[in-house]
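Here are the chains, one letter per residue:
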Amino acid sequence: MSDYIGTATACANSNIAFCKYWGNRDATLRLPVNGSISMNLEGLFTRTTVRFQPSLALDEVVINGRETTGKGLERVVRILDIVRQAAGMDVRAEVISENNFPTGAGIASSAAAFAALALAATRAAGLAWDEAQISRLARLGSGSAARSVPGGFVEWQMGTGDEDSFAVSIAPPDHWALADCIAIVSEGHKATGSTEGHALAPTSPLQSARVADAPRRLEICRRAILERDFFALASIIELDSDMMHAVMMTSQPPLFYWQPATLAVMQAVRRWREDGLQVAYTVDAGPNVHVICPQREMGEVAHLLQQVSGVKRVLCATVGGPARLV
Ligand code: DP6
């Protein structure tokens with residue numbers, strides 16, 4: 001039984017993966033085929049309020065002012081059901097969630113959303129869960145959300161099962177002053193969402209090679225972060241992103257997220273790096289390009305990105321903290 005308090009509000013930042021999550025060994029439990037590493041993005045967040053109300057007959061979910069139904073609602077109800085069961089209560093909830101960044105354009109909104117939901121819902125139900133338990137719960141809503149629970153630079157360990165597949169911080173936000181300048185080339189909703197995409201990963205003959213090599217990439221990435229070695233980080237995150245996109249492009253049916261401007265930015269980033277600028281690209285399941293650089297170069301990188309043809313605007317974020325109650 002719980003110390004039921006009824007309502008709670010939580011904020012969680014989005015995150016950008018340096019070593020990507022792509023493919024599940026158990027899709028229902030969202031147990032990934034490889035571990036992943038990311039950086040939280042300060043200020044690109046979701047704020048979610050969960051209010052358990054005895055007067056409600058059904059759960060109600062409002063995202064960015066619009067009532068959610070269908071699959072989106074089911075995904076949230078699943079999390080609420082787990083929380084209700086753990087708390088030994090059966091009260092329906094109202095969930096109100098707001099993102100402060102565009103959804104569906106490769107800036108993982110589901111990551112911030114399910115991290116904030118997991119924290120707010122457990123707190124509203126009076127459960128005093130620790131970070132690992134909240135990360136596991138967030139994972140069931142969206143895999144990458146597991147990584148938005150701890151702060152700073154984060155690793156999601158693939159684990160051996162539900163119990164030990166959660167994310168931990170490998171370095172706090174102030175460990176390394178990096179930034180993510182996101183070159184937005186399209187704000188439209190993506191054609192194939194990541195949930196469907198993960199299911200296609202095993203259809204690519206390249207996926208097994210990507211997965212087999214993942215422990216090596218994770219080790220290089222972890223070490224680059226701990227040693228603040230930008231050039232080591234740059235080459236490993238670009239390789240990891242390119243390998244994931246090679247899998248996507250060779251899946252059946254193929255997933256092709258890049259647009260001409262995506263490639264133009266990737267090529268420009270490589271050129272700028274050859275000229276001595278500390279920049280590296282990584283691309284998620286969408287056409288926008290995340291350009292990682294030291295925070296002191298953020299202004300210059302944003303300015304350069306704006307000159308690349310096809311870039312509509314640039315969003316910048318520094319390294320973010322953990323999900324928190326507000
Ligand atoms: C390409 O976490 O969005 O951004 O668990 O189905 O919600 P679901 O998938 P999601 O997948 C993220 C894929 C990625 C890479 C990453 O963030 O690691």
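Residues numbered from 1 in each chain as written. Predicted model: local features only at pLDDT ≥ 70, side-chain atom pairs only at ≥ 80, totals over all residues. Heavy atoms only, no water.

Q: Explain the overall build of the chain to me, using residue names and the numbers behind them.
A: Within the chain, the secondary structure is distributed over nine helices and 14 strands. Taken against the 2.2 N^0.38 rule, which gives 20 Å for 326 residues, the C-alpha radius of gyration of the chain at 19 Å falls within 12% of a compact globule. In terms of principal-axis extent, the alpha carbons of the chain reach across some 60 × 40 × 35 Å. Counting only residues that meet the buried cut, the chain has 56% of its 326 residues in that class. Taking the contacts inside the chain whose residues are at least 6 apart along the sequence as the reference set, 76% of them involve residues at least 24 apart. Accessible surface, the chain: about 13,100 Å² in total, of which carbon and sulfur atoms supply 54%. Of the charged side chains in the chain, 29 are positive and 33 negative, and the gap between their average positions amounts to 2 Å. (Helix = DSSP H or I, 4+ residues; strand = E, 2+ residues; numbered from the N terminus. Rg over C-alpha atoms; globule rule 2.2 N^0.38 Å. Buried < 20%, exposed > 50% of the residue type's maximum accessible area, 1.4 Å probe, protein only. Contact = heavy atoms within 4.5 Å. Areas by Shrake-Rupley, 256 points an atom, 1.4 Å probe, with all protein chains shown as cover. Lys, Arg positive; Asp, Glu negative; His and termini not counted. Charge placed at Lys NZ, Arg CZ, Asp CG, Glu CD.)

Q: Which residues make up the packing of aromatic side chains, and what values do they have?
A: For the coordinates displayed, the defined rule picks out three aromatic pairs. Ring geometry for W176 versus F230: centroids 6.4 Å apart, planes at 80°, classification edge-to-face. Here W176 is found in the loop between β9 (167-171) and β10 (178-184), whereas its partner F230 is found in helix α7 (residues 230-249), with 54 residues between them in sequence. Residue classification places W176 among the buried residues on the basis of a relative accessible area of 10%. Classification of F230 as buried rests on a relative accessible area of 4%. Arranged with centres 6.0 Å apart and planes meeting at 85°, the rings of F230 and F231 form a pair that is edge-to-face. Taken together, the ring pairs connect W176, F230 and F231 into an aromatic cluster. (Phe/Tyr/Trp six-rings, centres within 6.5 Å; stacked < 30°, edge-to-face > 60°.)

Q: Describe the packing of helix α1 (residues 70-87) against helix α3 (residues 131-141), and please don't skip the residues or the numbers.
A: Running from amino to carboxyl end, α1 crosses α3 at an angle of 150°, the nearest separation of the two axes being 9 Å. Taken together, the axes of α1 and α3 lie roughly antiparallel to each other. For α1 against α3, the interelement crossing comes out right-handed. Residues R75, R78, I79, I82 and V83 of α1 form the contact with α3, whose participating residues are L137, L140 and G141. For the contact of α1 with α3, a count of residues per class yields five nonpolar, one polar and two charged. (Axes fitted to C-alpha atoms, helices over the stretch in contact; angles between N-to-C directions. Parallel < 35°, antiparallel > 145°, perpendicular 65-115°, else oblique. Left-handed = near helix turned anticlockwise from the far one by under 90°. Nonpolar A, V, L, I, M, F, W, Y, C, P; charged D, E, K, R; others polar.)

Q: Lay out the site of the ligand in plain terms, naming residues and giving numbers.
A: Neighbouring the ligand are 17 residues; R30, S142, G143, S144 and T195 lie closest to it. With respect to the ligand, the side chain of S142 contributes an N or O atom lying 2.7 Å from an oxygen atom. The separation between an oxygen atom of the ligand and a polar side-chain atom of S144 is 2.6 Å. Relative to its unbound accessible area of 460 Å², the ligand is 96% covered by the protein chains. The element that contributes the greatest number of residues to the shell around the ligand is helix α4 (residues 194-200), accounting for three residues. A class-by-class count of the residues in the shell around the ligand yields five nonpolar, seven polar and five charged. Formed jointly, the shell around the ligand draws a minimum of three residues from each of two domains, domain 1 (7-174) and domain 2 (177-319). (Near = heavy atom within 4 Å. Polar contact = N/O pair within 3.5 Å; in protein donor to acceptor, adjacent residues only side chain to side chain. Domains from an automatic or database assignment.)

Q: An account of the pattern of salt bridges is needed here, citing residue identities and associated values.
A: All told, the structure shown has 18 salt bridges when counted by the stated rule. Among the salt bridges present, the one from K20 reaches D284, with a minimum N-O distance of 2.5 Å. In this pair, K20 is assigned in the loop between β1 (7-19) and β2 (24-26) and D284 in the loop between β11 (280-282) and β12 (289-294), connecting sequence segments 264 residues apart. The class of K20 is buried, set by a relative accessible area of 2%. The salt bridge involving R223 is made with E219; its shortest N-O contact spans 2.8 Å. With R223 and E219 both in helix α6 (residues 214-226) and four residues apart, the pair spans about one turn of that helix. Overall, the relative accessible area of 47% leaves R223 in the partly exposed class. Look at E219 and you get partly exposed, because its relative accessible area is 33%. By sharing partners, the salt bridges in this structure join R136, R139, D162 and E163 into a single network. (Salt bridge = Lys/Arg side-chain N within 4 Å of Asp/Glu carboxyl O.)

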